[in-house]
Amino acid sequence: MTSGRISHTAGIGLRLAHLAEMVATRPSTGWLEIHPENFLANPHASELLTELAGHFPISVHTVGLSIGSATGLDKAHLRRIRSLVDAIDPIFISGHLAWSTYQQEYLNDLLPLPYSEETLRLVTENVNEVQDALCRPYLIENPASYVGFHPSTIKETEFLSEIVRRTGCELLCDVSNIVVSAHNMGYDAHEYIDEFPADAIAEIHLGGFTPEEDPATRGAELWIDTHAATIAERSWDLYAYAIRRFGTRPTLIEWDNDIPPLSTLVAEATKADRIVQPESRYA
Ligand SMILES: [Fe+2]
């Protein structure tokens, strides 16, 4: 497993706002995760990223590959990701079980999929294409959910298991997404963890969410996966539960909006490390 290259369990999302400070101060954090789409068209940021890759293991979290797309993958984008991968040799490459493109249109969101046999075939085909193009296993992340579909006939955890079986891909378990989805969709988060295909998990995500009034129900809260806040206590509690079931996994602190000082992200990563110590330290 590639996590042998990681010196701490927890890492932080590298955002452009922190890039210069990261290069100048190199804070104590185990590893970094990037959204490649932020770097591909930014030569200065790419240069600084290459420098950081000499000091930190880097994980690549794609937000534009759209493995749930029914109209095929953007092959030019896939080639651009491949050239970045060749340059920085990441520890992981991941993306969501979602879709965000339709033909040539890019939608600035991660949209949900119905869990059906037809979608299984579609995602399998796309994941195989990604893995063939990148020559590495791809990690698929469970999404934060706000709606379900009547045509869904397969539980999300079973859907993920089947994609793993058909493609040999790995999984990214976003514990905060489970907290959000369990609240919004009305299921038990601990049961979801119990059913998650643990052997395939290569990485865990933790991020903050924001409660908002649900316009559909008036009064009930919808929890939105904003990545704009500290990690909620219930997410830390579920993380501790997940670690007890899965064992220690490299864990990433995600923060994408209302970005705080770099020290806040490092402190959240330290908190994750403390939850899993002493067995969290990789030699
Ligand atoms: Fe995530």
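Nothing here was measured: the structure is a model prediction, and the numbers come from that model.

(A) Spotlight on the coordination of the iron ion. Protein coordination at the iron ion: the donors are Glu141 (OE), Asp174 (OD), His205 (ND1) and Glu254 (OE), at 2.1 to 2.3 Å from the metal. Geometry at the iron ion is irregular, judged from the four donor atoms that bind it and their angles of 85 to 169 degrees at the metal. Here the donor residues of the iron ion share one chain and are spaced in sequence as E-x32-D-x30-H-x48-E. Highlighted residues: Glu141 in strand E7 (residues 139-141) and His205 in strand E9 (residues 201-207), separated in sequence by 64 residues.

(B) The arrangement of the pattern of salt bridges in detail. Going through the model one piece at a time under the given rule, you end up with 10 salt bridges. As a salt-bridge pair, Glu117 and Arg166 come within 2.9 Å of each other at their nearest N and O atoms. One end of the pair, Glu117, is in helix H4 (residues 117-134); the other, Arg166, is in helix H5 (residues 156-167), with 49 residues separating them in the sequence. Residue Arg166 is classed as partly exposed on the basis of its relative accessible area, which comes to 29%. Glu233 is paired through a salt bridge with Lys271; the nearest N and O atoms lie 3.4 Å apart. With Glu233 in helix H8 (residues 233-246) and Lys271 in helix H9 (residues 262-276), this residue pair connects regions lying 38 residues apart in the sequence. In this structure Glu233 comes out as partly exposed when scored by relative accessible area, which is 49%. For Lys271, a relative accessible area of 29% puts it in the partly exposed group.

(C) Spatial organisation of helix H6 (residues 175-185). The buried count for H6 comes to nine of 11 residues, which makes it a mostly enclosed element. Val175, Ser176, Asn177, Ile178, Val179, Val180, Ser181, Ala182 and Asn184 are the residues of H6 that are buried. Buried residues along H6 sit in contact with E7, strand E8 (170-174), helix H7 (189-195), E9, strand E11 (221-224) and H8. Sitting at the head of H6, Asp174 places a side-chain oxygen 3.0 Å from the backbone nitrogen of Ser176.

(D) Layout of the nonpolar core. Membership of the largest hydrophobic core comes to 75 residues, with the highest contact counts inside it found for Ile12, Leu14, Ile34, Ile140, Tyr239 and Phe246. When neighbours within four sequence positions are excluded, Ile12 is seen to be in contact with Met22, Thr29, Trp31, Leu32, Glu33, Leu252, Ile253, Leu262, Leu265, Val266 and Ala269. In terms of nonpolar packing, the next biggest core, distinct from the first, is built from eight residues, Ile6, Phe92, Leu139 and Ala202 among them.

(E) Looking closely at the environment of Ser66. Following the sequence through the fold, Ser66 ends up in the loop between strand E3 (58-61) and helix H3 (75-88). Classification of Ser66 by relative accessible area gives buried; the value is 6%. Ser66 sits 122 residues away from Asp188 along the chain, and the two C-alpha atoms are 28 Å apart. In this structure, Ser66 is in contact with Leu73, Ala98, Trp99, Ser100, Thr101 and Asn126, ignoring residues within four places of it in sequence. A distance of 2.8 Å separates the side chain of Ser66 from the backbone nitrogen of Ser100, its partner in a polar contact.

(F) Geometry of the packing of aromatic side chains. Applying the stated criterion to the full structure yields seven aromatic pairs. Relative to Trp223, the ring of Phe209 has its centre 4.7 Å away and its plane inclined at 20 degrees; by these criteria the two rings are stacked. Of this pair, Phe209 sits in the loop between E9 and strand E10 (210-213) while Trp223 sits in strand E11, and the two are 14 residues apart along the sequence. For Phe209, a relative accessible area of 11% translates into the label buried. For Trp223, a relative accessible area of 8% translates into the label buried. For the pair Trp236 and Tyr239, a centre-to-centre distance of 6.3 Å together with 70 degrees between the ring planes defines the contact as edge-to-face. Linking Trp236 with Tyr239, this pair stays in helix H8, spanning three residues, or about one helical turn. The pair Trp236 / Tyr239 is uniform in exposure class, with both members buried. What links up through ring pairs into an aromatic cluster is the set Tyr187, Tyr192, Phe196 and Phe246.

What counts, and where the lines are drawn
Residues numbered from 1 in each chain as written. Predicted model: local features only at pLDDT ≥ 70, side-chain atom pairs only at ≥ 80, totals over all residues. Heavy atoms only, no water. Donors = N, O, S within 2.8 Å, 3.2 Å for Na, K, Ca; no water. Tetrahedral: all angles 85-135°; square planar, octahedral: opposite > 155°, others 65-115°. Helix = DSSP H or I, 4+ residues; strand = E, 2+ residues; numbered from the N terminus. Salt bridge = Lys/Arg side-chain N within 4 Å of Asp/Glu carboxyl O. Buried < 20%, exposed > 50% of the residue type's maximum accessible area, 1.4 Å probe, protein only. Contact = heavy atoms within 4.5 Å. Polar contact = N/O pair within 3.5 Å; in protein donor to acceptor, adjacent residues only side chain to side chain. Core = buried A, V, L, I, M, F, W, Y, C linked by side-chain atoms within 4.5 Å. Phe/Tyr/Trp six-rings, centres within 6.5 Å; stacked < 30°, edge-to-face > 60°.

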